[in-house]
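Close look at the chain arrangement
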Amino acid sequence: MSTPTDSGEPAGTPQASTPLSETQHSEPTTITVGEGTGTGGDELGYPVVVGNGLLSRLPDLLGTQAERVLIIHPRALRATGDVVREDLEKAGYTAMVAEIPDAEEGKHIQVAAFCWQVLGQNDFTRSDAVVSVGGGAVSDLAGFVAATWLRGVRVVHMPTTVLGMVDAAVGGKTGINTAEGKNLVGSFHQPAGVLADLDTLITLPRNELVSGLAEVIKCGFIADERILTLIEESPEAAQNPHSAQLRELIERSIRVKAEIVGEDAREADRREHLNYGHTLAHAIELAERYQWRHGAAVSVGMVFAAELAHSLGRLSEAEVDRHRAVLTSLGLPITYRDDRWNQLLEGIRRDKKNRGDVLRFVLLNGIGNPATVEIPDASMLYAAYQEIGEPVSGTTISL
Ligand code: GLY
């Protein structure tokens, strides 16, 4: 947009070009989401490629008939967006960019309308394509624009954050925010492919990288215990963008998500398990007016869910302790101020998993065994809140 607004983009977000070099460190890994035909649109069966220097693979995902490509990126990644545009132009495409406000500020209907205007003014047809370059907010918005233009055009995501790689860019959730809340408007629109270029993590602020690792840990708790062991063996390597461990963590998390989405793309059942820790997390984000990072809120939310599961006899004390230990080892928060229960409960009641007045939580019956559980009595939630509560004067927010 010509006059992007200020936003909550993480402090220290690099303004310089995020590396998209062609330096090859090792062979890329391709993970397929679902078992479909891989033709894009609403189809499953698309590749998520993880590796270094992946830009040259973009044309393979754009489809054989695309002539025009709209690259949507946040203001903070202008230089990176230009690299992608120049590369596509060299490859013979008519490429253009839509620069949008950073972070959640980009997920507004006015921003989508701006993108539709660019598409209309450039005669975008059904065979042309949209590319997102950025974090989860950008893939949500770009996916929504692609889902709605001419009732759906191809979109390729190039996530530049851990959270984008392991969660937002994979699985086809798209959405924008309204005055009433986050992601209330959106659709499922699977990408034609995802390029998770690990080089982009080198300049990612550390707290942003660690925040994304909360979603990685979530995948460990719900489906792949090896993720937890890898972090326990070396929390330092887990945070190092050059390490083989971080690459393995990202690949394992994408495999968890790919497998679940392949089975339940539209969140009728099993996909809800990907929301482990998210019910309280969304309530915290709302209470904090979205000034907390999503991963930090998910971290606290997982400890809350673990305490709740423990009180129901589903998790042992040692398994609850393991939540605290692995999250703390990365510097993720595990407590929340103890004077906000009413506000949090209001947020919990708005959760999309609830049915009527029945509150539903994703809980673990042991590590790797999630289930969606109805909670008959809010007092059970309050008891779990007391286990994570921290006196306000002592509350420290580490991310
Ligand atoms: N972020 C959870 C999901 O994609 O289902």
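Residues numbered from 1 in each chain as written. Predicted model: local features only at pLDDT ≥ 70, side-chain atom pairs only at ≥ 80, totals over all residues. Heavy atoms only, no water.

Moving on: the site of the ligand. Neighbouring the ligand are D167, K173, K257, R271 and L274. Taking D167, its side chain carries an N or O atom lying 3.0 Å from a nitrogen atom of the ligand. K257 is positioned such that a nitrogen or oxygen atom in its side chain is 2.6 Å from an oxygen atom of the ligand. Along the lines of polarity and charge, the residues of the shell around the ligand split into one nonpolar, no polar and four charged. (Near = heavy atom within 4 Å. Polar contact = N/O pair within 3.5 Å; in protein donor to acceptor, adjacent residues only side chain to side chain. Nonpolar A, V, L, I, M, F, W, Y, C, P; charged D, E, K, R; others polar.)

Our next topic: the environment of Q121. Topologically, Q121 is positioned in helix α3 (residues 109-121). Residue Q121 is classed as exposed on the basis of its relative accessible area of 59%. C-alpha of Q121 to C-alpha of R247: the two residues are 126 residues apart in sequence and 40 Å apart in space. (Helix = DSSP H or I, 4+ residues; strand = E, 2+ residues; numbered from the N terminus. Buried < 20%, exposed > 50% of the residue type's maximum accessible area, 1.4 Å probe, protein only.)

Here we take up the pairing of strand β5 (residues 129-134). Most of β5 sits inside the fold, with six of its six residues counted as buried. Because side chains alternate across β5, one face comprises the buried residues A129, V131 and V133, and the other comprises V130, S132 and G134, equally buried. Bridge count for strand β3 (residues 68-74) against β5 is four bridges, and the pairing is parallel. Across the sheet, I72 pairs through a bridge with S132, a residue of β5. Direction of pairing for β5 relative to strand β6 (residues 154-159): parallel, over a ladder of six bridges. Among the inter-strand pairings, V130 is bridged to a residue of β6, identified as V155. (Pairing = 2+ DSSP bridges.)

Turning next to the pattern of salt bridges. Taken as a whole and judged by the stated rule, the model has 26 salt bridges. Note that D128 and R68 form a salt bridge whose closest N and O atoms lie 2.8 Å from each other. Taken together, the residues span a long stretch of sequence, with D128 in the loop between α3 and β5 and R68 in strand β3 at a distance of 60 residues. On the accessibility criterion, D128 (1% relative accessible area) is buried. Linked through salt bridges whose partners overlap, the residues forming this network are E104, K107, D140, K182 and E285. (Salt bridge = Lys/Arg side-chain N within 4 Å of Asp/Glu carboxyl O.)

Turning to the packing of α3 against helix α4 (residues 136-148), a few remarks are in order. For the pair α3 and α4, interaxial distance at closest approach is 10 Å and the crossing angle is 50 degrees. By the angle between their directions, the pair α3 and α4 is classed as oblique. At the point where α3 passes α4, the crossing takes the right-handed sense. Residues V111, A112, C115, W116 and L119 of α3 pack against L141, F144, V145 and T148 of α4. Split into classes, the residues belonging to the contact of α3 with α4 amount to eight nonpolar, one polar and no charged. (Axes fitted to C-alpha atoms, helices over the stretch in contact; angles between N-to-C directions. Parallel < 35°, antiparallel > 145°, perpendicular 65-115°, else oblique. Left-handed = near helix turned anticlockwise from the far one by under 90°. Contact = heavy atoms within 4.5 Å.)

We now examine the side chain of R247. Positionally, R247 belongs in helix α9 (residues 244-263). Note on R247: relative accessible area 12%, which makes it buried. Among the polar contacts listed, one links the side chain of R247 to the side chain of S26, at a separation of 2.8 Å. A distance of 2.7 Å separates a polar atom in the side chain of R247 from the backbone oxygen of E27. Setting aside residues no more than four positions away along its own chain, R247 makes contact with S26, E27, P28, T29, V50, G51, N52 and L198.

Looking at where E272 falls in the secondary structure, it is placed in the loop between α9 and α10 (278-287). Sequence separation between E272 and A306 is 34 residues, and the spatial gap between their C-alpha atoms is 16 Å.

A separate point is unusual backbone geometry. Despite not being glycine, A103 has its phi angle at roughly 50 degrees, a positive value. Mapped onto the elements of the fold, A103 is located in the loop between β4 (94-100) and α3. Notably, R151 is not glycine yet its phi reads approximately 65 degrees, a positive angle. With respect to the helices and strands, the residue R151 is situated in the loop between α4 and β6. The exposure class assigned to R151 is exposed, which follows from its relative accessible area of 77%.

A few words on helix α12 (residues 317-329). Given a rise of 1.5 Å per residue, 13 residues ought to cover 18 Å, and the 18 Å separating the end C-alpha atoms of α12 matches this to within 8%. The complete set of buried residues in α12 reads V320, R322, H323, V326 and L327. Projected down its long axis, α12 carries its buried residues within an arc of 150 degrees, all on one side. Seen from the buried face of α12, the exposed residues on the opposite side, beyond 90 degrees, are E317 and A318. Packing partners of the buried residues in α12 comprise α6 (206-222), α7 (225-233), α11 (294-311) and β11 (359-364). (Expected span 1.5 Å × (residues − 1). Arc of directions from axis to C-beta.)

A few words now on the nonpolar core. By size, the foremost hydrophobic cluster in this structure holds 82 residues, and its most contacted members are I217, F221, I250, Y276, F304, L344 and L381. A per-element tally of this core places α11 first, with eleven residues. (Core = buried A, V, L, I, M, F, W, Y, C linked by side-chain atoms within 4.5 Å.)

To continue, consider the sheet that holds β3. As summarised here, the arrangement of the seven strands in space is β1-β2-β9-β6-β5-β3-β4, forming an open sheet in which the pairing is mixed. Either end of the sheet is taken by a strand with one partner, and the two such strands are β1 (29-33) and β4. With direction set aside, neighbouring strand axes in the sheet form an average angle of 20 degrees. Bridge count between β6 and strand β9 (residues 193-197): two bridges; the pairing is parallel. What sits directly across from V156, in β9, is G193. α3 contacts β3 and β4 of the sheet and is inclined by roughly 165 degrees relative to β4. The strands touched by α4 are β3, β4, β5 and β6; relative to β5, the strand with the most contacts, the crossing angle is about 170 degrees.

From the geometry alone we can't say anything about function, so treat these as descriptive.
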